[in-house]
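Given next are the chains, with one letter for each unit.
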Amino acid sequence: MKNNTIKELFNRHPHNPIISINDLPYKANSVFNAGAVKINEIIFLLMRVEDRRGISHLTLAQSKNGISDWQINSQPTLIPSPDDYPEEVWGIEDPRIIFLEEKKLWAITYTAYSKGGPLVSLITTSDFQNFTRYGPMMPPEDKDAALFPIRFDGRWAMIHRPVSYLPRPKANIWISFSPDLKHWGDHQVLIKARKGSWWDANKIGLSPPPLRTDEGWLILYHGVKITASGIIYRLGLALLDIINPRNLIARSDEWIFSPNESYEIYGDVDKVVFPCGWIQENDKILLYYGCADSCIGLATANLSELLDWLKKHNSL
Ligand code: BMA
């Protein structure tokens, strides 16, 4: 069988990119990495929009079919607020959204780009019209964060990705716990970046929020390979224990999604696929991903196929 006829786990939508800068009702540089949720049969994307200064804000788009006919807010939905939150001075980026079941609130973890580097901040909302800012949860340099929808033994849990520079730059995925969403501790490395020539060597990060399945919390994460011609952002899978998410029970050996189409290969940052949101509809997964830091794509997969594949490709 020829390589291009082998079935992939994720299928790109034929209308990709489903949202690009021409769809926005105002002038901007790019629209990409979007958080995604479904409320009352409507798909909401909270999209990162980079303006022509280079500063990002977040704008809401809604669609019934999640593919076309997007209603995009005529003005930015959430703009940086550096007077009250100085850490947002260079923009707000890459939202991940999860429903906190106990509080009946949507929690949006996002990157605030401070003068000291990117850090993790939190906003909550019940309706995507009124928003409450909580401020920073993690100091710089830290990003790629999402909360879990429930507490574990009374504590909230968050996955995030701090960076350390000694003895050489390294970015592993961590998990931390909090009694109140404000004070975080019990920090632990959850998934280590691999080394050498692996697709996920040196730098990895959570992509969309953890997804609850019968087999555990499904994690889709990105790995950044540095090559002679630049970086490649690809995606792989992991699984965490459902009761104790500190336990990593599976991690894929191979990547499952990689820049392949021209809109993923060429853009403001070439060769990047960067999802911040996925939506489950029974066994179907809708993955919304940023393409080359320039536009938004949609790819679909079957959850059962992802879990079966991960069992066969577990490298632990
Ligand atoms: C990461 C994040 C993403 C971006 C990606 C590729 O570090 O900043 O927002 O899509 O780099 O540039």
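Residues numbered from 1 in each chain as written. Predicted model: local features only at pLDDT ≥ 70, side-chain atom pairs only at ≥ 80, totals over all residues. Heavy atoms only, no water.

**Student:** Quick rundown of the side chain of His 222? Include the residues and the values.
**Tutor:** On the secondary structure map, His 222 appears in strand E16 (residues 216-227). Using a relative accessible area of 1% as the deciding quantity, one classes His 222 as buried. Of note is the side chain of His 222, whose polar atom sits 3.3 Å from the side chain of Asp 144. (Helix = DSSP H or I, 4+ residues; strand = E, 2+ residues; numbered from the N terminus. Buried < 20%, exposed > 50% of the residue type's maximum accessible area, 1.4 Å probe, protein only. Polar contact = N/O pair within 3.5 Å; in protein donor to acceptor, adjacent residues only side chain to side chain.)

**Student:** Hey, could you go over the pattern of salt bridges for me, with residue numbers and the actual values?
**Tutor:** Inspection of every chain in the model, using the stated rule, returns 15 salt bridges. We note a salt bridge from Arg 212 to Glu 101, for which the minimum N-O separation is 2.4 Å. Taken together, the residues span a long stretch of sequence, with Arg 212 in strand E15 (residues 211-213) and Glu 101 in the loop between strand E6 (92-100) and strand E7 (105-114) at a distance of 111 residues. Here Arg 251 ties to Asp 200 by a salt bridge, and the two come within 2.9 Å at their closest N and O atoms. Of this pair, Arg 251 sits in strand E18 (residues 248-251) while Asp 200 sits in the loop between strand E13 (185-191) and strand E14 (204-206); the two residues are 51 residues apart in sequence, bridging distant segments of the chain. The two residues Arg 251 and Asp 200 agree in class, both being buried. Taken together, the shared-partner salt bridges in this structure form one network comprising Lys 38, Glu 41 and Glu 281. (Salt bridge = Lys/Arg side-chain N within 4 Å of Asp/Glu carboxyl O.)

**Student:** Could you give me a rundown of the sheet that holds strand E3 (residues 42-50), with the residues and numbers involved?
**Tutor:** Taking strand neighbours across the sheet as the criterion, the 4 strands line up as E2-E3-E4-E5 in an open arrangement whose pairing is antiparallel. Here the strands that pair on one side only, and so sit at the sheet edges, are strand E2 (30-39) and strand E5 (71-72). Sheet topology note: the strand E4 (residues 56-63)/E5 ladder contains 2 bridges and is antiparallel. The residue bridging Ala 61 from the neighbouring strand is Ile 72, located in E5. (Pairing = 2+ DSSP bridges.)

**Student:** Which residues make up helix H2 (residues 303-312), and what values go with them?
**Tutor:** Buried residues of H2: Leu 303, Leu 306, Leu 307, Trp 309 and Leu 310, and no others. Summarising the axial view, the buried residues of H2 lie within an arc of 165 degrees, below the 170-degree limit, and thus occupy one face. Exposed residues pointing more than 90 degrees away from the buried face of H2 are listed as Lys 311 and Lys 312. (Arc of directions from axis to C-beta.)

**Student:** With reference to specific residues and values, describe the nonpolar core.
**Tutor:** Among the nonpolar cores identified, the biggest contains 26 residues, and Phe 10, Leu 218, Leu 237, Ile 256, Phe 257 and Leu 306 are the most heavily contacted of them. Contributions of two or more residues to this core are made by E16, strand E17 (230-240), strand E19 (273-281), strand E20 (284-291), strand E21 (295-302) and H2. Per-element accounting of this core gives the leading share, 5 residues, to H2. If near-sequence neighbours (up to four positions away) are discounted, Phe 257 is found in contact with Phe 10, Arg 12, Arg 234, Leu 235, Glu 264, Val 273, Tyr 289 and Ala 299. (Core = buried A, V, L, I, M, F, W, Y, C linked by side-chain atoms within 4.5 Å. Contact = heavy atoms within 4.5 Å.)

**Student:** Requested: an account of the sheet that holds strand E12 (residues 173-178), with residues and values cited.
**Tutor:** Pairing within the open sheet is antiparallel, and its 4 strands lie in the order E10-E11-E12-E13. The two strands at the open ends of the sheet, each matched to only one other strand, are strand E10 (142-147) and E13. When the angles between neighbouring strand axes are averaged without regard to direction, this sheet yields 25 degrees. When E12 meets E13, the two strands line up antiparallel, connected through 4 bridges. Note that in E13 the partner of Ile 173 across the bridge is Ile 191. (Axes fitted to C-alpha atoms, helices over the stretch in contact; angles between N-to-C directions.)

**Student:** Break down the site of the ligand for me, with residues and values.
**Tutor:** Taken together, the residues surrounding the ligand are Asn 33, Arg 48, Asp 94, Lys 143, Tyr 233, Val 269, Val 272, Phe 274 and Asp 293. One nitrogen or oxygen atom from the side chain of Asp 94 is found 2.5 Å from an oxygen atom belonging to the ligand. Within the side chain of Lys 143, one N or O atom sits 3.1 Å away from an oxygen atom of the ligand. Coverage of the ligand by the protein chains reaches 86% of its 310 Å² of free accessible surface. For the shell around the ligand, a count of residues per class yields 4 nonpolar, 1 polar and 4 charged. (Near = heavy atom within 4 Å. Areas by Shrake-Rupley, 256 points an atom, 1.4 Å probe, with all protein chains shown as cover. Nonpolar A, V, L, I, M, F, W, Y, C, P; charged D, E, K, R; others polar.)

**Student:** I'd love a proper account of the environment of Ala 157, names of residues and values included.
**Tutor:** By the secondary structure assignment, Ala 157 is in strand E11 (residues 156-162). Judged by relative accessible area, Ala 157 falls into the buried class, the value being 0%. Residues within four places of Ala 157 in sequence aside, it is in contact with Ala 146, Leu 147, Phe 148, Phe 152, Ile 175, Ser 176, Phe 177 and Trp 184.

Limitation: the analysis is restricted to geometry and does not speak to function.
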